[in-house]
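Letter by letter, the chains look like this.
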Amino acid sequence: GAGVSQSPSNKVTEKGKDVELRCDPISGHTALYWYRQSLGQGLEFLIYFQGNSAPDKSGLPSDRFSAERTGGSVSTLTIQRTQQEDSAVYLCASSLSGGYGYTFGSGTRLTVV
Amino acid sequence: KQEVTQIPAALSVPEGENLVLNCSFTDSAIYNLQWFRQDPGKGLTSLLLIQSSQREQTSGRLNASLDKSSGRSTLYIAASQPGDSATYLCAPVPLNRDDKIIFGKGTRLHILP
């Protein structure tokens, strides 16, 4: 596609429910990042996929968070048993390869009530 | 571990002024550095990408400089306009492109009409 697409754009969920956030990167981009941005805060790194390499999961805050990237394209970030502190904007970015310019999606605003 | 600092954290200036946003980073082993803007509630928009071999990069009223050895980059905005109001973030991209990108917390800019 022309840009990085994220869905849904907004998600309200009840505490304890699982949620899935989707990122569709630019076609052909091998690098894909997930970041989280809480209200008034900077970008917090979550996970990084680069080609066929094992993903860098060092930023995932707990084992309730997981992500996968199928076929080197679409990525899904899953949060199990959501907590109120998970409320944030989740941003996805892709790049042709690590080190090239990054394009961000518009994000998914997650609200846990 | 890369640490990125952006100064000032917030800035309000009258329309028409020229201004400088600063970014410093602790690990100078970078491949390139990218400047982004983020409008409230939106994703990140790429402004400029400056390669590690370059000293500066220009796009319209924006000029980014890079001093890799001292771990500094500046974003110069000429003749500021109210539409420039946004948060500006810098992101040094690691030389090892398998490493994750760490963002600064940004400078929140408000241009007064």
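Criteria and thresholds
Residues numbered from 1 in each chain as written. Chains lettered and ligands numbered in written order. Predicted model: local features only at pLDDT ≥ 70, side-chain atom pairs only at ≥ 80, totals over all residues. Heavy atoms only, no water. Helix = DSSP H or I, 4+ residues; strand = E, 2+ residues; numbered from the N terminus. Contact = heavy atoms within 4.5 Å. Buried area = accessible area lost by both parts, 1.4 Å probe. Salt bridge = Lys/Arg side-chain N within 4 Å of Asp/Glu carboxyl O. Buried < 20%, exposed > 50% of the residue type's maximum accessible area, 1.4 Å probe, protein only. Pairing = 2+ DSSP bridges. Core = buried A, V, L, I, M, F, W, Y, C linked by side-chain atoms within 4.5 Å. 1 Å grid on protein atoms, 1.4 Å probe; cavity = no way out; pocket = protein on both sides within 12 Å on 5 of 7 lines; lining within 4 Å. Points joined across faces, edges and corners; volume = space filled by probe spheres on them. Nonpolar A, V, L, I, M, F, W, Y, C, P; charged D, E, K, R; others polar.

**Things to note about the environment of Arg81(A)**
Residues and elements named next belong to chain A.
Thought 1: Tracing the backbone through its elements, the reader meets Arg 81 in the loop between strand S7 (75-79) and strand S8 (88-95).
Thought 2: Through-space distance from the C-alpha of Arg 81 to that of Arg 64 is 6.9 Å; in sequence the pair is 17 residues apart.
Thought 3: If we ignore the near neighbours within four places in the chain, the residues touching Arg 81 are Gly 16, Lys 17, Asp 18, Asp 63 and Arg 64.

**A short note on the interface of chain A and chain B**
Thought 1: Each partner contributes to the interface: chain A provides 20 residues, whereas chain B provides 20 residues.
Thought 2: Buried area between chain A and chain B, both sides added, is near 1,500 Å², and the carbon and sulfur share of it is 54%.
Thought 3: Counting across the chain A and chain B interface gives one salt bridge.
Thought 4: Residue assignment for the side of chain A that touches chain B shows that the elements contributing at least two residues are strand S4 (31-37), strand S5 (43-50) and strand S9 (102-104) of chain A.

**Overview of the side chain of Thr87(B)**
Thought 1: Within the secondary structure, Thr87(B) is located in strand S9 (residues 86-94).
Thought 2: Excluding its chain neighbours within four sequence positions, the residues that come into contact with Thr87(B) are Phe36(B), Arg37(B), Gln38(B), Gly106(B), Thr107(B) and Arg108(B).

**Brief notes about the pairing of strand S1 (residues 4-7) of chain B**
All names here are of chain B.
Thought 1: Side chains of S1 alternate between two faces, with Val 4 and Gln 6 buried and Thr 5 and Ile 7 left unburied.
Thought 2: Bridge count between S1 and strand S3 (residues 19-25): four bridges; the pairing is antiparallel. Bridge pairing in S3 links Ile 7 to Asn 22.

**With respect to the side chain of Thr107(B)**
All names here are of chain B.
Thought 1: Looking at the element boundaries, Thr 107 is found in strand S10 (residues 107-112).
Thought 2: On the basis of relative accessible area, Thr 107 is assigned to the buried category, the value being 0%.
Thought 3: Setting aside residues up to four positions removed in sequence, Thr 107 forms contacts with Gln 6, Ile 7, Pro 8, Ala 9, Leu 21, Ala 86, Thr 87 and Tyr 88.

**Section: the nonpolar core**
Thought 1: With 21 residues, the main nonpolar core has Leu33(B), Trp35(B), Leu75(B) and Ile77(B) as its most contacted residues.
Thought 2: Mapped onto this core, the elements with two or more residues apiece are S3, strand S4 (30-38), strand S5 (44-51), strand S7 (62-67), strand S8 (72-77), S9 and S10 of chain B.
Thought 3: Among the nonpolar cores identified, the runner-up in size contains 20 residues, and Cys23(A), Ile26(A), Ile47(A) and Ala67(A) belong to it.

**Quick look at the pattern of salt bridges**
Thought 1: Per the counting criterion, the structure on display carries six salt bridges over all chains.
Thought 2: Here Lys100(B) makes a salt bridge to Asp56(A), at a shortest N to O gap of 4.0 Å. Taken together, the residues Lys100(B) in the loop between S9 and S10 and Asp56(A) in the loop between S5 and strand S6 (65-69) connect one chain to another.
Thought 3: Measuring nitrogen to oxygen at the nearest pair gives 2.8 Å for the salt bridge that ties Arg64(A) to Asp86(A). Of this pair, Arg64(A) sits in the loop between S5 and S6 while Asp86(A) sits in the loop between S7 and S8, and the two are 22 residues apart along the sequence.
Thought 4: With a relative accessible area of 13%, Arg64(A) lands in the buried category.
Thought 5: Take Asp86(A): its relative accessible area is 2%, and that puts it in the buried class.

**Quick look at the layout of surface pockets**
Thought 1: Here the largest pocket is characterised by a volume of approximately 640 Å³.
Thought 2: Lining the largest pocket are 29 residues, and of these Gln37(A), Gly40(A), Gln41(A), Gln38(B) and Thr87(B) lie nearest its centre.
Thought 3: For the lining of the largest pocket, the elements supplying multiple residues, two or more each, are S8 and strand S10 (108-112) of chain A together with S9 and S10 of chain B.
Thought 4: Its residues assigned to classes, the lining of the largest pocket comprises 10 nonpolar, 14 polar and five charged.
Thought 5: Here the second largest pocket defines a volume of roughly 340 Å³.
Thought 6: As for the second largest pocket, its lining consists of 16 residues, and the residues nearest its centre are Leu43(A), Glu44(A), Phe45(A), Ile102(B) and Phe103(B).
Thought 7: Per-element tally for the lining of the second largest pocket: the top contributor is S5(A), with three residues.

Don't take any of this as a statement about function, it's just geometry.
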